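Structural description and commentary
The primary structure of each chain is shown beneath.
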Amino acid sequence: MQGLEVELAGMRLRNPTMLASGIMGLSAASLRRAIKGGAGAVVAKSCSSQPREGNPNPTVVEIPTGLLNSVGLANPGCAELAEELGRCRGEVPVVASVYGFSTREYAACAQVVERAGVDAVELNLSCPNVEGTVFGYSEELAREVVEEVKRRVRVPVFAKLTADAGDIVSVAAACEDAGADGITAINTLRAMAIDVTTAKPVLGNRVGGLSGACLKPVALRCVYEIAEEVSIPVIGCGGVTTGRDAVEFFLAGARAVQIGTGVLYRGMSVFRKVSMEIAEYLEEKGYSRVDELVGLAHR
Ligand code: RRO
């Protein structure tokens, strides 16, 4: 498809759709399915230095307005995941998502996945489901992590932030100042559901992260405001299901979009479908490249 190629922190993407972290991203086989489904890049499930089993079931529930998850960073540890990611190299950029309970752990995980040959690292500064510090709630802590990781790795580093932070725009600015190569906005929002029959929270962990179409207006606002403040690329994430959703994010200032819950709604070929819908929009409006849309809503 013509006009869909984009450049993101030095990486060339065949189209601006990316698999979001956490969705099917623990094995090379599932990442390959997303690539076959047309993704321009894939982000793996977040990993920590040690393996984690995650939270008690149920960890994923569908609610009328979207999806709630409290997975709890279940992963085999960065060394094992890195091996898997090494098997996906080649066709499209592969991004590892790393998590740390300390600045040092973020940096160590980033080094492990870089050695496996990933094309970029996304720092998960915003997981809603793990006990401990959420580094993305604080400008100082986010800055510290980004600075340390940038000292240790050469691949592009993206910071994934949350609107649960008091001021996501200031956190994004601190990340840029610390050397981040891009901002991913946003992670899921802390949320819950209660079963009125049992009078208990539905998720095993009580509270989880909300994703899906209902997130789009919040994510779009964040991308719009962050894009006003920073000059590094912004990647939109939250409620992208159709090409029109993606176009809204480009107009707000995003250079690419990540799709997570949308995979559940439209299958693994959602990336190809969304790309085709973006191409149709470009043609309908007389644009030749998706880049031409980036930030137009700021005029
Ligand atoms: O694993 C999870 O529970 C999880 C993570 Br790490 C995250 O960043 N966002 C989310 O909604 N769930």
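I will try to describe carefully the structure that is included in this document. What you see is a predicted model, and the numbers here were worked out from it, not measured in a lab.

**Details of the overall build of the protein chain**
Counting secondary structure elements, the protein chain contains nine helices and 16 strands. Its C-alpha atoms give the protein chain a radius of gyration of 18 Å, within 12% of the compact-globule value 19 Å for 299 residues. Dimensions along the principal axes, computed over C-alpha positions, put the protein chain at roughly 50 × 50 × 40 Å. Restricting to contacts in the protein chain with at least 6 residues of sequence separation, those with at least 24 account for 71%. Of the accessible surface of the protein chain, which amounts to about 12400 Å², a share of 47% is contributed by carbon and sulfur atoms. Of the charged side chains in the protein chain, 30 are positive and 35 negative, and the gap between their average positions amounts to 5 Å.

**Here we look at the side chain of serine 21**
Assignment of secondary structure puts serine 21 in the loop between strand E3 (17–19) and helix H1 (28–36). Exposure remark for serine 21: the relative accessible area of 14% places this residue in the buried category. At 3.4 Å, the side chain of serine 21 forms a polar contact with the backbone nitrogen of serine 46. Setting aside chain neighbours within four positions, we find serine 21 in contact with Val43, Ala44, Lys45, Ser46, Ser97, Glu122, Lys160 and Gln258.

**As for the side chain of asparagine 69**
Structurally, asparagine 69 can be placed in strand E6 (residues 66–69). Side-chain polar atoms of asparagine 69 contact the backbone nitrogen of valine 71, separated by 3.3 Å. Excluding residues that lie within four positions of it along the chain, asparagine 69 makes contacts with Thr59, Val60, Asn129, Thr188, Leu203, Gly208 and Gly209.

**Quick look at the environment of alanine 246**
Structurally, alanine 246 is set in helix H7 (residues 243–252). Placed 13 residues apart in sequence, alanine 246 and isoleucine 259 show a C-alpha to C-alpha distance of 9.3 Å.

**Considering the site of the ligand**
For the ligand, the full set of nearby residues is Lys45, Asn69, Ser70, Val71, Gly72, Leu73, Asn124, Cys127, Pro128, Asn129, Asn187 and Thr188. Note that an oxygen atom of the ligand is positioned 2.5 Å from one of the side-chain N or O atoms of lysine 45. Taking 320 Å² as the accessible area of the ligand by itself, protein coverage stands at 92%. In this structure the site holding the ligand corresponds to the largest pocket. Looking at the shell around the ligand residue by residue, the classes come out as four nonpolar, seven polar and one charged.

**A closer look at the packing of aromatic side chains**
Inspection of the entire model under this criterion finds three aromatic pairs. Between the aromatic rings of tyrosine 99 and phenylalanine 101, the centroid separation amounts to 5.1 Å while the plane-to-plane angle is 80°, which identifies the pairing as edge-to-face. Residue phenylalanine 101 is classed as partly exposed on the basis of its relative accessible area of 37%. Geometrically, the ring pair formed by tyrosine 106 and phenylalanine 135 is edge-to-face, given 5.3 Å between the ring centres and 85° between the ring planes. Here tyrosine 106, found in helix H3 (residues 103–115), pairs with phenylalanine 135, found in the loop between strand E8 (120–124) and helix H4 (139–152); they are 29 residues apart in sequence, far enough to count as distant. By relative accessible area, phenylalanine 135 is classed as buried at 5%. Feature note: the residues Tyr99, Phe101, Tyr106 and Phe135 constitute an aromatic cluster, connected by ring pairs.

**Looking at unusual backbone geometry**
In this structure, proline 58 follows asparagine 57 across a cis peptide bond, with omega equal to -10°. Within the secondary structure layout, proline 58 lies in the loop between strand E4 (41–43) and strand E5 (60–63). Its identity is not glycine, yet alanine 9 carries a phi of approximately 50°, on the positive side. One can find alanine 9 in the loop between strand E1 (6–8) and strand E2 (11–13). On the accessibility criterion, alanine 9 (26% relative accessible area) is partly exposed. A positive phi angle is found at alanine 199, which is not glycine, with a value near 60°.

**Concerning the sheet that holds strand E16 (residues 254–259)**
With parallel pairing, the eight strands of this closed barrel are ordered in space as E3-E4-E7-E8-E9-E10-E15-E16. The sheet shows a mean angle of 25° between the axes of neighbouring strands, direction not considered. Inspection of the sheet shows strand E9 (residues 157–161) paired to strand E10 (residues 182–185) by four bridges, in the parallel sense. Residue pairing for E10: lysine 160 is matched across the bridge by threonine 184. Against the sheet, helix H6 (residues 216–229) makes contact with E10, strand E15 (234–237) and E16, and its axis sits at roughly 170° relative to E15, the strand it touches most. Along the sheet, helix H9 (residues 270–285) makes contact with E3 and E16, crossing E3 at roughly 165°.

**What about the nonpolar core?**
Of all hydrophobic cores here, the largest spans 106 residues; its most connected members are Leu123, Leu125, Cys175 and Ile226. Here the element with the most residues in this core is H9; it accounts for seven residues.

The rules behind the values
- Residues numbered from 1 in each chain as written.
- Predicted model: local features only at pLDDT ≥ 70, side-chain atom pairs only at ≥ 80, totals over all residues.
- Heavy atoms only, no water.
- Helix = DSSP H or I, 4+ residues; strand = E, 2+ residues; numbered from the N terminus.
- Rg over C-alpha atoms; globule rule 2.2 N^0.38 Å.
- Contact = heavy atoms within 4.5 Å.
- Areas by Shrake-Rupley, 256 points an atom, 1.4 Å probe, with all protein chains shown as cover.
- Lys, Arg positive; Asp, Glu negative; His and termini not counted.
- Charge placed at Lys NZ, Arg CZ, Asp CG, Glu CD.
- Buried < 20%, exposed > 50% of the residue type's maximum accessible area, 1.4 Å probe, protein only.
- Polar contact = N/O pair within 3.5 Å; in protein donor to acceptor, adjacent residues only side chain to side chain.
- Near = heavy atom within 4 Å.
- 1 Å grid on protein atoms, 1.4 Å probe; cavity = no way out; pocket = protein on both sides within 12 Å on 5 of 7 lines; lining within 4 Å.
- Sits in = over half its atoms within 2 Å of the grid points.
- Nonpolar A, V, L, I, M, F, W, Y, C, P; charged D, E, K, R; others polar.
- Phe/Tyr/Trp six-rings, centres within 6.5 Å; stacked < 30°, edge-to-face > 60°.
- Pairing = 2+ DSSP bridges.
- Axes fitted to C-alpha atoms, helices over the stretch in contact; angles between N-to-C directions.
- Core = buried A, V, L, I, M, F, W, Y, C linked by side-chain atoms within 4.5 Å.

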